[in-house]
Every structure is written in structure tokens, then in C-alpha cells.
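Topology and contacts: notes
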Amino acid sequence: MMWTLLSIFIPNGIGIILYFILRDPLPQVCPKCGVTVRSKGAFCPACGAALANTCPACHRAVEPGWSHCTSCGAELKHA
Ligand SMILES: [Zn+2]
Ligand SMILES: [Zn+2]
């Protein structure tokens, strides 16, 4: 009886956990105003602060290791 219940609930529990992990990716927190940003935008919707590295020319999100923007080809300056 016990094992039957466990075998029913454990897979469901994992499924629910996976559902929430897959459905709700880690939200970003704005470093300036502290608002939680769920979308994958590069800027905070509340205060406009940059949430990710962005290209100075086209303002698209770029990754830290990039030396050039993949959208417009502009050279990226690193701090
Ligand atoms: Zn903000
Ligand atoms: Zn660019």
C-alpha cells in the first residue's frame, strides 16, 4: 500500500517540479531598482537600467566573451 502510493506520488512530484523549472526560468533582478524581471530583455522595464551586456551601437544583448556584436558587427569594449 505504502509503495503503491509512493510510486504514484513521486513521479508526479518530479513532474510538477520539472514543470515549474521549465515553465518559470530564473527571473532576473534589476541591480538598480530591484524589480524582478521575468522576460529575457536586456533592459529593466521599470527603470531602463541594463540587465545584461548590450551592444553600444544597436543595443542588443551581447555575451561577456564577445569582442564584436553579432547583430551589427560593432566592436565591443570590455571594462
Ligand atoms: Zn530597474
Ligand atoms: Zn550591435
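Our subject is the structure that appears above.
Summarised in this report is the structure supplied together with it.

Reading the values: rules and limits
Sequence order as written defines the numbering, with residues in each chain counted from 1. Labels follow written order: the first chain is A, the first ligand is 1, and so on. Where totals are concerned, whole chains, interfaces and linings use all residues; where local detail is concerned, this predicted model gives features only for residues with pLDDT of at least 70, and gives and counts side-chain atom pairs only at 80 or more. Here the side-chain values reflect all heavy atoms present in the structure, with hydrogen atoms and water set aside. Donor atoms: N, O and S within 2.8 Å of the metal, or within 3.2 Å for Na, K and Ca. Because water is excluded, sites can look incomplete. All geometry calls rest on donor angles, where a four-donor set with angles between 85 and 135 degrees is tetrahedral, four- and six-donor sets with opposite donors more than 155 degrees apart and all others between 65 and 115 are square planar and octahedral, and all else is irregular. Starting at the N terminus, helices and strands are each numbered in turn, a helix being any DSSP run of H or I of at least four residues and a strand any DSSP run of E of at least two. Here's how the labels work: a residue is buried when its accessible area is under 20% of the maximum for its type, exposed when over 50%, partly exposed in between, all with a 1.4 Å probe on protein chains only.

All right, on to the coordination of the zinc ion (ligand 1) then. Around the zinc ion (ligand 1), the protein supplies C30 (SG), C33 (SG), C44 (SG) and C47 (SG) as donor atoms, at distances of 2.2 to 2.3 Å. Viewed at the metal, the 4 donor atoms of the zinc ion (ligand 1) are separated by angles of 106 to 114°, and the geometry they form is tetrahedral. When the donors of the zinc ion (ligand 1) are listed by position in the chain, the intervening gaps give C-x2-C-x10-C-x2-C. Pair noted here: C30 is in the loop between β1 (28-29) and β2 (36-37) and C44 is in the segment after β2, with a separation of 14 residues, a long-range link. A single burial state applies to C30 and to C44, both of which are buried.

For the rest of this paragraph, the subject is the coordination of the zinc ion (ligand 2). Coordination of the zinc ion (ligand 2) by the protein is provided by C55 (SG), C58 (SG), C69 (SG) and C72 (SG), with metal-donor distances spanning 2.3 Å. One can describe the site at the zinc ion (ligand 2) as tetrahedral: its 4 donor atoms subtend angles covering 106 to 117° at the metal. If you list the donors of the zinc ion (ligand 2) from N- to C-terminus, the spacing comes out as C-x2-C-x10-C-x2-C. Placement of C58 in the segment after β2 and of C72 in the segment after β2 is noted, with a sequence separation of 14 residues between them. Judged by relative accessible area, which is 42%, C72 ranks as partly exposed.

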